[in-house]
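Residues per chain, in single letters:
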Amino acid sequence: MRSYDSLPSGCDPFEQELVNAMKDFVNTAATPHFDTAAIERGARRKRAATIAGVAAALVVACGAGTALAATNGAHTSAQTAAASAADSTTLLVRTSTGTAKQQLAGVTSQRARATLVHYGLTPTFTRVKKADCPQPEDAVVSVSPHAPTAVHAGDTVLVTTCYR
């Protein structure tokens, strides 16, 4: 048994011999070689292949949705316009308990202000002149940002109302 250091207290000769053998192995073992450039290239290739696969899946999904929408002739332009008008006046408010969906189409500016202040939002109003203004006059025709964008307490919401 050889000893590089004095025996620590509580260390028997077998443990000291084991420590010496491990030190000899560490001092004589060859250092493994890692080709970090090759590992990095492989990771980059995998990442690029994953991104390309996801992009291809999105293109296929969007293409199928577009084709389905193009073949569906059930919606008239009036229905589409009404749906887009309803979407532009729908406000999604993110609260501590979840998301509240608030429809402001046709609501007066006073009612819209009260609703927005209730959620802790800051309303900013603009008025546009429209001949086909919904009943009553001074009704909300759009909000920004609108669904599907959610707003949080403290955000500013631009509310557009109309007059004749």
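About the criteria used
- Residues numbered from 1 in each chain as written.
- Predicted model: local features only at pLDDT ≥ 70, side-chain atom pairs only at ≥ 80, totals over all residues.
- Heavy atoms only, no water.
- Pairing = 2+ DSSP bridges.
- Helix = DSSP H or I, 4+ residues; strand = E, 2+ residues; numbered from the N terminus.
- Axes fitted to C-alpha atoms, helices over the stretch in contact; angles between N-to-C directions.
- Contact = heavy atoms within 4.5 Å.
- Buried < 20%, exposed > 50% of the residue type's maximum accessible area, 1.4 Å probe, protein only.
- Arc of directions from axis to C-beta.
- Polar contact = N/O pair within 3.5 Å; in protein donor to acceptor, adjacent residues only side chain to side chain.

**Comments concerning the sheet that holds strand β1 (residues 90-95)**
So, point 1. Strands sit in the order β2-β1-β5 across an open sheet of three strands; the sheet is mixed. Across the chains shown, the open sheet's two edge strands, defined by having one partner strand only, are β2 (98-103) and β5 (150-152). Strand-to-strand twist of the sheet, defined as the mean angle between neighbouring strand axes without regard to direction, takes the value 35 degrees.
So, point 2. In the sheet, β1 pairs with β2 via six bridges, with the strands oriented antiparallel. Bridge pairing links T90 to Q103 in β2.

**Here we look at the sheet that holds strand β4 (residues 140-144)**
So, point 1. Judged by pairing direction, the sheet is mixed, and its three strands sit side by side in the order β3-β6-β4 without closing on themselves. What marks the edges here is a single partner per strand, and that holds for β3 (122-129) and β4. For this sheet the average axis-to-axis angle between neighbouring strands, irrespective of direction, equals 25 degrees.
So, point 2. The pairing of β4 with strand β6 (residues 156-163) spans four bridges and is antiparallel. When the sheet's bridge partners are listed, V143 is paired in β6 with V159.
So, point 3. This element, helix α4 (residues 109-118), spans β3, β4 and β6 of the sheet and lies at about 160 degrees to β3.

**Things to note about unusual backbone geometry**
So, point 1. Each neighbour pair has its own omega, and for S144 with P145 the value is 0 degrees, a cis peptide bond.
So, point 2. Considering the arrangement of structural elements, one finds P145 in the loop between β4 and β5.

**Let's talk about the side chain of S88**
So, point 1. Counting through the fold element by element, S88 comes out in helix α3 (residues 77-88).
So, point 2. Filtering out sequence-adjacent residues up to four positions away, S88 remains in contact with V141, S142, V143 and H146.

**Quick notes on α4**
So, point 1. Within the span of α4, buried status applies to S109, A112, T115 and L116. The buried residues of α4 occupy one face: seen down the axis, they fall within an arc of 125 degrees. Away from its buried face, by an angle of more than 90 degrees, α4 presents the exposed residues Q110, R111 and H118.
So, point 2. Once α4 ends, the next one or two residues include G120, with phi positive near 80 degrees.

**A word on the side chain of T90**
So, point 1. In this structure, T90 sits in strand β1.
So, point 2. At a separation of 3.1 Å, a polar atom in the side chain of T90 contacts the side chain of Q103.
So, point 3. Contacts of T90, omitting those with residues within four sequence positions, involve K101, Q102, Q103, V143, H146 and A147.

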